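Here's the letter readout for the chains.
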Amino acid sequence: MEKNDLKTFLPLLMGVIAGIISYLITGDMRSRDPFGILVLVMMIYLHKFILPRFGLTIETKDWLGISFLTLATWYISWTLLLNS
């Protein structure tokens, strides 16, 4: 796997993990939804520490893509879990 592929794959994986954790934390209680969003923010922040371990440098323009991919997969996975 090339290094540029990791900049795409890791945000997708972290988004799915964030969606699963958000579902497990919030359960059926809609009053806990802000905790799910907090999990998303923490997963986006973790990229700052995970990507350099793979030898990747994160530039300013990369944060928008990382954040969007993580947000999109988090939203899709959490929504699918909530509707199952």
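Everything below is about the structure printed above this text.
Residues numbered from 1 in each chain as written. Predicted model: local features only at pLDDT ≥ 70, side-chain atom pairs only at ≥ 80, totals over all residues. Heavy atoms only, no water.

Asks: So, the overall build of the chain: which residues are in play, and what are the values?
Replies: Per the secondary structure count, the chain includes three helices and zero strands. In sequence order, the secondary structure elements of the chain are arranged as α-α-α. Dimensions along the principal axes, computed over C-alpha positions, put the chain at roughly 40 × 20 × 20 Å. The buried share of the chain, taken over its 84 residues, is 30%. Long-range pairs, those at least 24 residues apart, make up 70% of the contacts in the chain between residues at least 6 apart in sequence. Accessible area of the chain: about 5,600 Å², with a carbon and sulfur share of 70%. Of the side-chain charges in the chain, 7 are positive and 6 negative, and the distance between the mean point of each set is 7 Å. (Helix = DSSP H or I, 4+ residues; strand = E, 2+ residues; numbered from the N terminus. Buried < 20%, exposed > 50% of the residue type's maximum accessible area, 1.4 Å probe, protein only. Contact = heavy atoms within 4.5 Å. Areas by Shrake-Rupley, 256 points an atom, 1.4 Å probe, with all protein chains shown as cover. Lys, Arg positive; Asp, Glu negative; His and termini not counted. Charge placed at Lys NZ, Arg CZ, Asp CG, Glu CD.)

Asks: Can you break down the nonpolar core residue by residue, with the values?
Replies: By size, the foremost hydrophobic cluster in this structure holds eight residues: Met 14, Ala 18, Val 39, Leu 40, Met 43, Ile 44, Trp 74 and Trp 78. When contributions to this core are tallied by element, the ones reaching two or more residues are helix H1 (3-26), helix H2 (33-50) and helix H3 (60-82). Looking at which element gives the most residues to this core, the answer is H2, with four residues. Formed by five residues, the second largest nonpolar core is a distinct cluster that contains Leu 6, Leu 10, Leu 51 and Ile 66. (Core = buried A, V, L, I, M, F, W, Y, C linked by side-chain atoms within 4.5 Å.)

Asks: Quick rundown of a nonpolar patch on the surface? Include the residues and the values.
Replies: Where nonpolar side chains cluster on the molecular surface, the patch consists of Phe 9, Leu 13, Ile 17, Ile 21, Ile 25, Phe 35, Leu 38, Met 42, Tyr 45, Leu 46 and Phe 49 and spans about 970 Å² of accessible area. Among the elements of the structure, H1 and H2 are those that each provide at least two residues to the nonpolar patch. Looking at the element boundaries, Phe 49 is found in helix H2. Relative accessible area serves as the criterion here: at 45%, Phe 49 is assigned to the partly exposed category. (Patch = residues over 30% accessible without salt bridge, like charges linked within 9 Å, V, L, I, M, F, W, Y side chains within 5 Å. Salt bridge = Lys/Arg side-chain N within 4 Å of Asp/Glu carboxyl O.)

Asks: Lay out H1 in plain terms, naming residues and giving numbers.
Replies: Look at H1: 34 Å from first C-alpha to last across 24 residues, which is about the 34 Å you get at 1.5 Å a residue. When we look at burial in H1, the residues that qualify are Leu 6, Lys 7, Leu 10, Pro 11, Met 14, Gly 15, Ala 18, Gly 19, Ser 22 and Thr 26. Buried-residue contacts for H1 involve H2 and H3. Gly 27, located one to two residues past H1, shows a positive phi value of around 60°. (Expected span 1.5 Å × (residues − 1).)

None of this, on its own, says anything about what the molecule does.
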